[in-house]
Amino acid sequence: MVEVIPERCVPIAKRELLYLGTVGWACWLSGTIFIDRRRRDAAIEVISHTASTMRRDNVSRTGFGGKTPLV
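Residues numbered from 1 in each chain as written. Predicted model: local features only at pLDDT ≥ 70, side-chain atom pairs only at ≥ 80, totals over all residues. Heavy atoms only, no water.

### Regarding the pattern of salt bridges
How we decide: For this analysis, a salt bridge means a side-chain nitrogen from Lys or Arg found within 4 Å of a carboxyl oxygen belonging to Asp or Glu. Starting at the N terminus, helices and strands are each numbered in turn, a helix being any DSSP run of H or I of at least four residues and a strand any DSSP run of E of at least two. Classification of residues uses two cut-offs on accessible area relative to the type maximum, computed with a 1.4 Å probe and protein chains only: under 20% is buried, over 50% is exposed, and between them is partly exposed.
Per the counting criterion, the structure on display carries one salt bridge. Arg38 is the partner of Glu16 in a salt bridge, and the nearest nitrogen-oxygen pair spans 3.9 Å. In this pair, Glu16 sits in the loop between β1 (12-14) and α1 (22-29) while Arg38 sits in the loop between β2 (33-35) and α2 (40-56), placing the two residues 22 residues apart along the sequence. On the basis of relative accessible area, Arg38 is assigned to the exposed category, the value being 73%.

Following this line, the structure appears as structure tokens:
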């Protein structure tokens, strides 16, 4: 999975995938951000934290310094 995903790309998945054995381990090891859909407030907090980190690190939507920065 890590070989297919570009270097500065981080996948987001629903938290239930974390408990699918080998698939969950592979997702966790590749740095997937898990969103708990049952806890709406926690999911919004995770997405907000991720967006603020991307803004701080000046990551664009294309991931490689493209012309569409996050606003």
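### Re the side chain of Asp36
What counts, and what does not: Charged-residue counts in this description rest on Lys and Arg as positive and Asp and Glu as negative, His and the chain ends being excluded. N or O atoms closer than or at 3.5 Å make up a polar contact, with two conditions inside protein: a donor-capable atom paired with an acceptor-capable one, and, for residues adjacent in sequence, both atoms drawn from side chains. Two residues qualify as a contact provided that any one of their heavy atoms is within 4.5 Å of a heavy atom in the partner residue.
Counting through the fold element by element, Asp36 comes out in the loop between β2 and α2. One buried charged residue, Asp36, remains without a salt bridge, the closest side chain of opposite sign being Arg39 at 4.2 Å. Within the structure, Asp36 has its side chain in polar contact with the backbone nitrogen of Arg38 (distance 3.3 Å). When near neighbours in sequence (up to four residues on either side) are disregarded, Asp36 contacts Arg15 and Ala43.

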